[in-house]
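Structural features, examined
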Amino acid sequence: MPTDVVMPQMGESIFEGTITKWLKKPGDKVQRDEPLFEISTDKVDAEIPAPASGVLQEIKVSEGNTVQVNTVVGVIGDGSGASASAKAAPPVPAPAAPASAKKEAPAPPPAPAVSASEVEEDSDVRSSPLVRKLAREQNVDLAKVSGSGTGGRVTKQDVLDFVEHRTAAPVAAPEPRTASAPTPAAIPGDLVPMSQMRKIIAQRMIESRRTSAHVHCMFEVDMTRIVNLRNKLKNGFEQRHGARLTFMPFFVRAAIIALQQYPIVNSSLEGDSIRYHKHVNAGIAVALDWGLIVPVLKNADELNFLGLQRGITDLGERARTKKLMPADVEGATFTITNPGQFGAVFGLPIINQPNVAIMGVGGITKQPMVVTDKDGADSIAIRSIVHLTLGYDHRIIDGAMADQFMAVVKKTLENWGEEVG
């Protein structure tokens, strides 16, 4: 019997997904659990495995189209049902997807997870909590929006199309050069549509700027002690633990120590109240070829140094191989980003909502520096220096508090005394 391939539900608050790439074509053999297609949702981009072994008999939803979860997007058979015409014919768009689905709209910032049973009727309009939140933000009356989803459900794209048509005269939309690549290759002069992930990033960055009163401070930190320690231990560390020893766990650990002393930096704003979080859930920004994602190391304050390194390595690998789940990118209470890996001296990062602070790590470079010995004598020495910046929400954190927080980070790194493992 043929096996239906369906759009999976990647999280309780996710009700639709966009097929960004088919990894097989009709007529190709597939093995159970072999990557079959790639999707993009509000939370993550992911590879979806084949539910059965056989032959990809039919593709029902083409690349670039958005459909509700549990929609049949393809069929796997034993090969007998795959005709020559099916192999040659291009996939047809799913009837449930709107004509503008290729212009999938960015999602709002992460909202509290809800179960499917919590999807409510709002003025007799079927929609998800995320859609209703977006409608409120865009001042849209859902009763005036035509729903293109299953059973007339209003989707995010329906709301965004309504806003677009309300505020601008219709224009001829350019045909995308390609719908399959997450970041289409462009020739100078081309007009290339943004990928789903890029739209989400753009939306969230603008919303963060509008939400938080961004201020930044920068500290210069002498990393010579840690650089020498890492050079001494990195080979043995990898042999013992099967993981590379990187600089990131040093920065994460120093931030945790400072967050424990200044818990306001590990908080979030809820209306007119401040939520002080019990644990440090460290968001670690990961640069991908097709965008940026922030997986979260949960309860990082309970991990030793080895646990931090293993957790950071695991999240980075799963981000790059599209193996993250929505829960992996939710719940950050403090974020660290590392523009220095590409040579930047420092950066002024935008806060990852609903956090109130984000720490940027610049590149570690050798520089001449005035050092003072225990007798007070000054001399010039070559030291390994990094510039750390803290972007913080001035609604919640005062400048003096931010500086004190970073002073603890600096002191911890310059006087590192913790066992590495």
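Residues numbered from 1 in each chain as written. Predicted model: local features only at pLDDT ≥ 70, side-chain atom pairs only at ≥ 80, totals over all residues. Heavy atoms only, no water.

1. Quick word on the nonpolar core
In terms of nonpolar packing, the biggest core is built from 79 residues, with Phe334, Met359, Leu388, Leu390, Phe405 and Leu413 touching the most fellow members. If one sorts the elements of this core by residue count, helix H6 (residues 248–261) sits on top with nine residues. With residues up to four places along the chain from it excluded, the contact list for leucine 413 reads Val221, Met223, Ile226, Phe250, Phe251, Ala254 and Leu388. Counting nine residues, the second-largest nonpolar core is a separate cluster that includes Leu134, Ala135, Leu142 and Val145. (Core = buried A, V, L, I, M, F, W, Y, C linked by side-chain atoms within 4.5 Å. Buried < 20%, exposed > 50% of the residue type's maximum accessible area, 1.4 Å probe, protein only. Helix = DSSP H or I, 4+ residues; strand = E, 2+ residues; numbered from the N terminus. Contact = heavy atoms within 4.5 Å.)

2. Quick word on unusual backbone geometry
That bond from glutamine 353 to proline 354 is cis: its omega, 5°, falls within 30 degrees of zero. Mapping proline 354 onto the fold places it in the loop between strand S18 (334–337) and strand S19 (357–361). Phi is positive for asparagine 70, which is not a glycine, with a value near 70°. On the basis of relative accessible area, asparagine 70 is assigned to the exposed category, the value being 56%. Positive phi outside glycine occurs at lysine 322, with the angle close to 60°. Relative to the helices and strands, lysine 322 resides in the loop between helix H7 (305–320) and S18. The exposure class assigned to lysine 322 is buried, which follows from its relative accessible area of 7%.

3. Structural notes on helix H4 (residues 196–211)
For H4, built from 16 residues, the straight-helix expectation of 22 Å at 1.5 Å per residue is met to within 8% by its first-to-last C-alpha distance of 23 Å. What H4 keeps buried is the set Gln196, Met197, Lys199, Ile200, Ile201, Gln203, Glu207 and Ser208. (Expected span 1.5 Å × (residues − 1).)

4. Here we look at helix H5 (residues 224–241)
With 18 residues, H5 extends 24 Å from end C-alpha to end C-alpha; this agrees with the ideal 26 Å at 1.5 Å per step. The complete set of buried residues in H5 reads Thr224, Ile226, Val227, Arg230 and Phe237. Those residues of H5 hidden inside the fold are in contact with strand S11 (214–222), H6, H7, strand S21 (378–393) and helix H8 (399–414). One or two steps after H5, the chain reaches glycine 242, where phi turns positive at roughly 70°.

5. Details of the packing of H6 against H7
At a minimum axis distance of 9 Å, the contact between H6 and H7 shows a crossing angle of 120°. Taken together, H6 and H7 sit at an angle that is classed as oblique. In terms of crossing hand, the pair formed by H6 and H7 is right-handed. For the pair H6 and H7, contact is made by Met248, Pro249, Phe250, Val252, Arg253 and Ile256 and by Phe305, Leu308, Gln309 and Ile312, respectively. Residues that form the contact of H6 with H7 fall into these classes: eight nonpolar, one polar and one charged. (Axes fitted to C-alpha atoms, helices over the stretch in contact; angles between N-to-C directions. Parallel < 35°, antiparallel > 145°, perpendicular 65-115°, else oblique. Left-handed = near helix turned anticlockwise from the far one by under 90°. Nonpolar A, V, L, I, M, F, W, Y, C, P; charged D, E, K, R; others polar.)

6. A short note on the pairing of strand S6 (residues 54–59)
In the sheet, strand S3 (residues 29–30) pairs with S6 via two bridges, with the strands oriented antiparallel. In the sheet register, valine 30 faces S6, and the bridge partner there is glycine 54. The sheet contact formed by S6 and strand S8 (residues 72–77) spans four bridges and is antiparallel. Bridging across to S8, valine 55 finds its partner in glycine 77. (Pairing = 2+ DSSP bridges.)

7. Some details on the confidence of the model for the chain
Residues with a pLDDT of 70 or more make up 81% of the chain, whose mean pLDDT is 83. Here residues 82–111 is a poorly scored stretch, pLDDT under 50, and it has 69 contacts once near neighbours within four places are set aside; other chains count. (pLDDT = per-residue confidence, 0-100.)

8. Structural notes on the packing of H6 against H8
Their axes nearest at 8 Å, the elements H6 and H8 cross at an angle of 135°. Taken together, H6 and H8 sit at an angle that is classed as oblique. As for the relative orientation of H6 and H8, their crossing is right-handed in sense. From H6, Phe250, Phe251, Ala254, Ala255, Ile257, Ala258, Leu259 and Gln261 reach across to H8, where they touch Phe405, Val408, Val409, Thr412 and Leu413. Here the contact of H6 with H8 is built from residues that sort into eleven nonpolar, two polar and no charged.

9. What about the pattern of salt bridges?
Applying the stated criterion to the full structure yields 13 salt bridges. One salt bridge connects glutamate 34 with lysine 24, and the closest N-O pair in it is separated by 2.9 Å. One end of the pair, glutamate 34, is in the loop between S3 and strand S4 (35–40); the other, lysine 24, is in the loop between strand S2 (16–22) and S3, with ten residues separating them in the sequence. In this structure glutamate 34 comes out as partly exposed when scored by relative accessible area, which is 24%. Residue classification places lysine 24 among the buried residues on the basis of a relative accessible area of 19%. Between glutamate 414 and lysine 410 there is a salt bridge; the shortest N-O distance is 2.9 Å. Taken together, the positions of glutamate 414 and lysine 410, both in helix H8 and four residues apart, correspond to about one turn of that helix. (Salt bridge = Lys/Arg side-chain N within 4 Å of Asp/Glu carboxyl O.)

10. A closer look at the side chain of asparagine 355
Among the secondary structure elements, asparagine 355 is positioned in the loop between S18 and S19. You can call asparagine 355 buried: its relative accessible area is 2%. Within polar-contact distance, the side chain of asparagine 355 engages the backbone nitrogen of phenylalanine 334 at 3.5 Å. A distance of 2.8 Å separates the side chain of asparagine 355 from the side chain of threonine 335, its partner in a polar contact. Setting aside residues up to four positions removed in sequence, asparagine 355 forms contacts with Ser267, Ala332, Thr333, Phe334 and Thr335. (Polar contact = N/O pair within 3.5 Å; in protein donor to acceptor, adjacent residues only side chain to side chain.)

11. Concerning the sheet that holds S8
The strand order S1-S8-S6-S3 describes an open sheet built from four strands, whose pairing is antiparallel. Pairing within the sheet leaves two strands with one partner each, and these edge strands are strand S1 (3–6) and S3. As paired strands, S1 and S8 are joined by four bridges and run antiparallel to one another. Residue pairing in the sheet places threonine 3 in a bridge with isoleucine 76 of S8.

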